[in-house]
Amino acid sequence: MSHSSCVWGLGFSPAAQAPLTQLNQSGLVHTLLLAGGDRAPAAVLAEAWPSADAFVIVGACGLVTRLIAPLLGDKSTDPAVVVVDPEGRFAIPLLGGHRAGGEALSQAVAAVLGGTAVLTGSSSATGRLALDQFGAAWGWRRGSGDWTALMQSAARSGGRIAVTQTAGSQRWRQLAGAAAIEESPTTDSATQAGASQLVIGPELGAGCRWHPPCLWLGMGCERGTSASLLGRLVDASLAAAGLASEAVAGLASVDRKGDEAALLQLAEQRHWPLRLYGAAELAAVPVPNPSAVVAAEMGTASVAEAAALLAAGSGAALLLPKQVEHRQAGEQGAATLAIARMEEQWAPQRGQLHLVGSGPGQLDLLTGDARRALAATSVWVGYGPYLDLLEPLRRPDQLRCDGQLTEERQRCALALELASQGLCVALVSSGESGIYGMAGLALELWLAEPPQQRPGFAVHPGISAVQLAAARIGAPLMHDFCTISLSDRLTPWPVIERRLQAAASGDFVVALYNPRSRDRNWQLQRACQILLVQRPPSTPVLLARQLGRSQETLALHSLGQLPFEQVDMLTLVLVGNSTSRSQEGWMVTPRGYPGAELG
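Since the model is a prediction, treat every value here as computed from it, not as a measurement.

## A word on empty space enclosed by the protein
In step 1: Within this structure, the stated rule accounts for one cavity of 30 Å³ or more.
In step 2: In this structure, the largest cavity occupies an estimated 40 Å³ of space.
In step 3: Lining the largest cavity are Arg128, Leu129, Leu131, Ala154, Gly159, Gly177, Ala180 and Ile181.
In step 4: Among the residues forming the lining of the largest cavity, the class breakdown is five nonpolar, two polar and one charged.

The following block contains the structure:
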């Protein structure tokens, strides 16, 4: 289900109101019908059926089955139907599990409600990829083929089917659910594609086809060329080359055509992005069919071929050289078109980059928003030990990409690259991604991209270590507080000292992140010396290690007697202010200073 899908929520009893309201507030369900209206649910269901993409119905499966039975048409056109119990414990895709996205919707519903998606389809039940559905999660478009026969064959063979891939991301092969899929045994690529049951690439032909966005159409045209001429040229050229329009990543041309009405109309109607290049950029691209006439007029010997190759990037292959189309009766102008294939794929308008704060570690401390984002994404990118904590939530159709602790920029770049290819990606930070996490760097890289080349971007909050530490020990953050990282890897130590001095003079409660490592073993002691200038040695200090994990430990000490050797990078150090105190194993900071009164 996309964000623009029309999803109805129906309920047949007052008990349905709570889960439906929760789904509506999350944005997953857009139109609600609760019990007590003047119109019968069956009538509303029948009226909404033709235009709805999906229904989430709170009620009994038997009742829902009887209600939808008279409305059923064809599996290619029927909406998805997900049934939810009134307690929100189970989400069952009753209809349209694959083609209509019912399974994906049930997983999203379960994530919002904190329940379980009950998947009864053959692929899901056995942990295999749903071959007629999985490509959409990888930014691909489904093409021709007998998909029902393919799914039946996969079910009979335990998922062992022959596949050929000529373009698009190969990372899907790393999925646990893809283990049974085999490369087609023939060696000749054309014969291989013809013999395969599943083909992934831009080509048209036999078998079931997924089309990755890997083709760039380079176009040149005379000023004022008719839109019908451009459309005919595109369709004829793709057909002549045996290529699918679903595999087109975008259009490319010279920048002087940036205001060409027909070209802009074509891009808008086909939902293809338009890239424009300067004449000098195009002139530098070697092409098989340069034109002296074009060079004299445009400043480059090629527009169509050069633009297609330039947009397709390094390793591009020219699949169709320049084609020329002239006007027919009632039309104006003339146009050229060439087609190039890129090595990877590109569809940022289909992709999403989700920054997910996974919390301190316990799955029950994962926020509902973060849980829903994880359920909706195809790839998880993050530091290995953080992803390990989320592993119970990962499905066989979700890919995990591990990174190293100090390779934050590389992880951000990988996540942005995958999202730009058309995938829905979760970039995972522990705690809260906006507090010493990945959100800032990811946003900087995203903003550095041209607006038309950016995938969707969203930040999903998590519970930070300082929040959990405070909850574990009582109420230490009841007055103004700040967080300071003692790592000087990205911040010069003199800057950190100034911040410590400011926090000390301002009498803030201070949470110290990254307090001590094997190579940085003196900074914590220096920080305590700075704080001791402004507050007494008896100031309570919490050492919270491995928060939210099975090895969690909490220890209260005083600022003047802190055991530095017990602190490492897995420890949060929480230093009280001048009014904080510890009592009976708890730590509290009063809301006001002595003499203040609470109204």
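## A short note on the packing of helix α18 (residues 493-505) against helix α19 (residues 523-532)
In step 1: At a minimum axis distance of 9 Å, the contact between α18 and α19 shows a crossing angle of 35°. For the crossing formed where α18 meets α19, the hand is right-handed. Contact residues: Trp493, Glu497, Leu500, Gln501 and Ala504 in α18; Gln523, Arg526, Ala527, Ile530 and Leu531 in α19.
In step 2: Residues that form the contact of α18 with α19 fall into these classes: six nonpolar, two polar and two charged.

## Observations concerning the sheet that holds strand β7 (residues 141-142)
Two modes of strand pairing occur in sheets, parallel and antiparallel, and in both the strands are linked by backbone hydrogen bonds.
In step 1: Here we have five strands laid out as an open sheet, ordered β7-β11-β10-β8-β9, and mixed in their pairing. The two strands at the open ends of the sheet, each matched to only one other strand, are β7 and β9 (182-183).
In step 2: Relative to strand β11 (residues 208-211), strand β10 (residues 198-200) is paired through three bridges, and the arrangement is parallel. Across the sheet, Val199 pairs through a bridge with Arg209, a residue of β11.
In step 3: Running at roughly 105° to β11, helix α6 (residues 147-156) makes contact with β7, β10 and β11 of the sheet.

Conventions and cut-offs
- Residues numbered from 1 in each chain as written.
- Predicted model: local features only at pLDDT ≥ 70, side-chain atom pairs only at ≥ 80, totals over all residues.
- Heavy atoms only, no water.
- 1 Å grid on protein atoms, 1.4 Å probe; cavity = no way out; pocket = protein on both sides within 12 Å on 5 of 7 lines; lining within 4 Å.
- Points joined across faces, edges and corners; volume = space filled by probe spheres on them.
- Nonpolar A, V, L, I, M, F, W, Y, C, P; charged D, E, K, R; others polar.
- Axes fitted to C-alpha atoms, helices over the stretch in contact; angles between N-to-C directions.
- Helix = DSSP H or I, 4+ residues; strand = E, 2+ residues; numbered from the N terminus.
- Left-handed = near helix turned anticlockwise from the far one by under 90°.
- Contact = heavy atoms within 4.5 Å.
- Pairing = 2+ DSSP bridges.

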